[in-house]
Amino acid sequence: MAGTLPDPKEYDHASGGWGSLKGISRIEHNSRAGPGALDTLREQNKPGGYMCSSCAWVKPPNPHPFEFCENGAKATLWDLTSNRCTPEFFVRHTVSNLREWDAHDLEMEGRLTHPMRYDAAQDRYVETTWDVAFAAIAAKLRAVDPKAVTFYTSGKAGLEASYLYALFARMYGHNNLPDSSNMCHETTSVGLKKVIGSPVGTCTLDDLDHCDAIFYLGQNPGTNSPRILHNLQKAAERGCRIVVFNPLREKGLMEFVNPQRPVQMTVGSATKLDHLYLQVRPGGDIAALLGVCKQVIARDDEAQAEGSARVLDPDFIDQHTDGFDAFIARVRNTGWDEIERNSCLTRTELEAAGDVYATSTRVIGIYGMGLTQHVHGSQSIGLLVNLLLLSGNIGRRGAGCSPIRGHSNVQGQRTVGITEKVELAPVEKYRELFDLETPREDGHTTVDFIGALLDGSNKGYIGLGGNLAMAVPDHDSVHPAWREMDFTVHIATKFNHTHCLPGKESWLLPCLVRAEEDMQESGSQQVSVEDSFSHVYGSIGRRQPASEHLRSETAIVCGLAKAALPSHPKWRWDEWEADYARIRDLIARTFPDEFHDMNERMNQPGGFYRGNPAHDRVWKTDSGKAEFTDPTALNACGIGDAPGRFHLVTLRSNDQFNTTIYGHSDRLRGIEGSRMIVLMRPEDMVAQGIEEGRQITLETDVDGRDGNVRRVGGLAVLPYDLPKGTLAGYFPELNPLVPLWYHDELSKTPASKGIPVRIRL
Ligand SMILES: Nc1nc2c(c(=O)[nH]1)N[C@H]1C(S)=C(S)[C@@H](COP(=O)(O)OP(=O)(O)OC[C@H]3O[C@@H](n4cnc5c(=O)[nH]c(N)nc54)[C@H](O)[C@@H]3O)O[C@H]1N2
Ligand SMILES: Nc1nc2c(c(=O)[nH]1)N[C@H]1C(S)=C(S)[C@@H](COP(=O)(O)OP(=O)(O)OC[C@H]3O[C@@H](n4cnc5c(=O)[nH]c(N)nc54)[C@H](O)[C@@H]3O)O[C@H]1N2
Ligand SMILES: [Mo]
């Protein structure tokens, strides 16, 4: 890793403000963005423009002239770099050599320009042509059992490419369709669905304008979804109280200077966002939320005794929920001492949070990776839903449960059929539209795929985007196994470390980014995406592509499918590739309730809302009602406390998009210059005899559950305001510490937020 010893100064400015504008101009410079790139930004997230490929936050119908944020601008400018990673680059460097490069340095090489094939004899990627590559990959696909091949997606490809990719997988013969969601919000897809019947959030923008309290858990908007800060600012200014649960005091949840408001920028006075900031320990949300519920119930008991208005909504509970009595008994029987120990919060703090809930009429729960990436993560989501259900806070204006999704179209990819679970695939429609019998067995989640890689049963891999070998747990065992695959294929924009682990045969298929013009036989094409609020929009790129050899993701999927599959009168890959409106017609016919008239509706301002049953209090759960759940654990970490054991949280810095490292500045946390750091509570440093800047090694401590030694060394310790026993550091550098089997119990989402570790000096 590049960089000098970090110099952590407390960042004393609010999120947003001049810092974010400086961040953009630094990135414009560093990314070597091509001419006109800043003008392209003006089209971002506008009707008739293209949709940002960074986060999945909603694009409003009446956008601001600059409807983008620091990090969305970074993502776009980085896509539009003038640097080119050409065949000559690969002549100069062997793959073994590139494997040793820093992720940031690989990224700086810029956009891939030509289709490339790995030549094992030379250990180099060499130039090839599309037709030769498609034919060779098709031959590999035909030579193996389809069930031994996995098709991964990373969450950026539009609905058109995603729909066809899922169809291709099933026509070929498997449901091995994991996507980045399997490391991310799969806990929501499974856990939220279990309790309210909806795998996605129930809120719309209108709800954010009408809530009077927000419970905000385990999500870092300042870095990961900055456009939400505008909504939080408006809410705070209306008097809406924001109660935060997070082990770190994240700037973006505390104060915000809106770069789109000239007066605020000049005067520099920030809007305070949080009403209460509760530094819960990793996984402590189950206990914390139970404590909040305990106070809400105590306030309801008082109200009943006094004959005043109830805090709970008994009619809603009666008509719409199941499991209330068992949960209430659990709440009453759980003592404050257990709650305090498991959450690392005091009774007084939790009672104050309970009072906010009890005195609010419209409450929204928002959450991110701090809840989903835990062994009992689905139970944390269950507890948040329990709290909301107590006063009927789902399915009415100003209320609801809102997971903040990651990649810009990760939610939409699931919606149109990218799923390893057969029960979620549109099996009947596939039969009707394509005479297709969907393979019956569930396919691989990401964790299952890695398991199959490790036991040698997975032979082939196609990645529609992503940097999967770096995003997954257990790098030390996964990386050697990755190279044992018969073949690996990457549809990608930039060269990354996963590409440095070629299978016996391997191809790089370079694609357009969303801001680039996608010209096909019938003319310039649009694609579509779905945001966290289930709105679907059209997106048109107008930039000249980075190279004349690039193809769109949709065209690449069609090219592969056409080469690999038998011909069939209803499998019209050429027609679909020529005109994406035809693919959207297929999406509309496959999912008519949600996507009818898709071609017309997706370009209306704000896109179209595809609906959500729980939003309308229709509960598609086993019981037909919203379910109160009774947790089996009070802390979401899978491995509890022991002397000398810490719980490590892996985080994103302000200068990265997942495994894409833009630079070494984590501005909002005041950490500059290095990513090989570990944050530690000053009192814990004293107790361990560790001084600031000391280099340590972390070793995973799984109570002897397997014989693997997992270590990362060379980490400089920095003092940081954290709960006792908590450490924090960066993803993906710390991924070698996460055991593959350490994942959410329902969904298999890796538990990257509460990793049990020991410090080795
Ligand atoms: N700029 C930028 N934007 C991004 C991304 C990016 O890398 N860069 N990634 C995208 C993707 S794919 C995703 S999924 C999202 C991720 O966005 P987030 O959901 O914000 O994910 P993380 O950065 O992992 O941060 C999780 C937050 O949870 C807190 N936390 C950790 N453990 C716990 C816990 O046990 N309880 C609670 N209550 N809090 C906890 C951490 O301190 C941190 O503030 O962002 C998307 N947007
Ligand atoms: N320890 C730990 N591990 C984690 C997490 C964590 O918080 N902690 N977070 C998890 C989460 S939430 C996620 S989503 C995953 C992320 O996992 P991935 O989605 O697999 O990773 P990314 O870093 O987003 O992928 C970046 C690569 O995608 C390619 N790319 C970029 N743009 C495009 C495009 O438009 N089209 C195509 N085809 N390719 C493109 C580029 O080659 C780039 O190098 O990581 C997970 N892993
Ligand atoms: Mo994600």
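Residues numbered from 1 in each chain as written. Chains lettered and ligands numbered in written order. Predicted model: local features only at pLDDT ≥ 70, side-chain atom pairs only at ≥ 80, totals over all residues. Heavy atoms only, no water.

### Some details on the nonpolar core
Counting 57 residues, the largest nonpolar core has Tyr163, Phe168, Phe434, Leu509 and Trp573 as its most contacted members. Among the elements that line this core, the one with the most residues is helix H8 (residues 159-172), at 11 residues. For Phe168, the residues in contact, after removing those within four places along its chain, are Leu141, Phe151, Val557, Leu560, Ala561, Ala564, Leu565 and Trp573. Phe215, Phe245, Ile297 and Leu387 belong to the second largest nonpolar core, which has 55 residues in total. (Core = buried A, V, L, I, M, F, W, Y, C linked by side-chain atoms within 4.5 Å. Buried < 20%, exposed > 50% of the residue type's maximum accessible area, 1.4 Å probe, protein only. Helix = DSSP H or I, 4+ residues; strand = E, 2+ residues; numbered from the N terminus. Contact = heavy atoms within 4.5 Å.)

### Let's talk about the state of the cysteines
Taken as a whole, this structure holds 0 disulfides when the rule is applied. Unpaired in this structure, Cys85 has its nearest cysteine sulfur neighbour in Cys500, at a distance of 9.8 Å. Cysteine Cys240 is unpaired, with the sulfur of Cys211 as its nearest cysteine sulfur at 3.8 Å. Cys240 gets classed as buried once you look at its relative accessible area, which sits at 5%. (Disulfide = S-S within 2.5 Å.)

### Observations concerning the site of ligand 1
Around ligand 1, 30 residues are found, and the nearest of them are Glu250, Gly283, Asp285, Gln656 and Asn658. At a separation of 2.8 Å, an oxygen atom of ligand 1 approaches a polar side-chain atom of Lys753. Alone, ligand 1 offers 920 Å² of accessible surface; in the complex the protein occludes 99% of this. Those elements that provide at least two residues to the shell around ligand 1 are helix H11 (221-224), helix H19 (369-372), strand E24 (646-651) and strand E25 (656-657). Two domains share the shell around ligand 1, each providing at least three of its residues, namely domain 2 (186-404) and domain 3 (646-760). (Near = heavy atom within 4 Å. Polar contact = N/O pair within 3.5 Å; in protein donor to acceptor, adjacent residues only side chain to side chain. Areas by Shrake-Rupley, 256 points an atom, 1.4 Å probe, with all protein chains shown as cover. Domains from an automatic or database assignment.)

### Quick word on helix H20 (residues 377-390)
Given 3.6 residues per turn, any residue in an α-helix points the same way as the ones three and four places further on. The end-to-end C-alpha distance of H20 is 20 Å, a good match for the 20 Å that 14 residues give at a rise of 1.5 Å each. With 14 of 14 residues buried, H20 lies mostly within the body of the structure. Remark: Gly392 follows H20 within two positions and exhibits a positive phi of approximately 65°. (Expected span 1.5 Å × (residues − 1).)

### Re the site of ligand 2
Neighbouring ligand 2 are 31 residues; Tyr152, Ala471, Glu553, Thr659 and Asn735 lie closest to it. Thr493 places a side-chain nitrogen or oxygen 3.2 Å from a nitrogen atom of ligand 2. Relative to its unbound accessible surface of 930 Å², ligand 2 loses 96% to contact with the protein. Those elements giving two or more residues to the shell around ligand 2 turn out to be helix H24 (468-471) and strand E16 (487-492). Grouping the constituent residues of the shell around ligand 2 by class yields 11 nonpolar, 15 polar and 5 charged. (Nonpolar A, V, L, I, M, F, W, Y, C, P; charged D, E, K, R; others polar.)

### Here's the deal with the confidence of the model for the chain
Per-residue pLDDT for the chain has a mean of 93; in total, 96% of the residues score no lower than 70. Below pLDDT 50 for its whole length, residues 1-10 participates in 28 contacts with residues either more than four positions away or in separate chains. (pLDDT = per-residue confidence, 0-100.)

### A closer look at the domain arrangement of the chain
Along its sequence, the chain is organised into domain 1 (111-184 + 409-607), domain 2 (186-404) and domain 3 (646-760). Computed over C-alpha atoms, the centres of domain 2 and domain 3 are 26 Å apart. Tallying the contact residues gives 28 residues for domain 2 and 28 residues for domain 3. Both sides together, the interface formed by domain 2 and domain 3 hides about 2,200 Å², and carbon and sulfur atoms give 57% of it. Among the residues domain 2 hides against domain 3, the three largest losses belong to Leu248, Gln373 and Val375. Together they make up 27% of the total. Put simply, domain 2 and domain 3 have 1 salt bridge between them. Among the salt bridges present, the one from Glu250 reaches Arg669, with a minimum N-O distance of 2.9 Å. Run the count over domain 2 and domain 3 and you get 11 residue pairs in polar contact (both at pLDDT 80 or more). Mapped by element, the contributors of at least two residues to the side of domain 2 that touches domain 3 are helix H9 (186-196), H11, H19 and H20. Partitioned by chemical class, the residues of the side of domain 2 that touches domain 3 number 8 nonpolar, 14 polar and 6 charged. (Buried area = accessible area lost by both parts, 1.4 Å probe. Salt bridge = Lys/Arg side-chain N within 4 Å of Asp/Glu carboxyl O.)

### Some details on the sheet that holds strand E15 (residues 460-464)
With respect to topology, 6 strands assemble into an open sheet ordered E5-E4-E17-E16-E15-E6, the strand pairing being mixed. This sheet does not close on itself; its edge strands, each paired only once, are strand E5 (124-127) and strand E6 (149-153). Across the sheet, the axes of successive neighbouring strands diverge by a mean angle of 20°, strand direction being ignored. Bridge analysis of strand E4 (residues 116-119) against strand E17 (residues 505-510) gives 2 bridges, and the strand direction is antiparallel. Within E17, the position partnered with Arg117 by the bridge is Trp507. (Pairing = 2+ DSSP bridges. Axes fitted to C-alpha atoms, helices over the stretch in contact; angles between N-to-C directions.)

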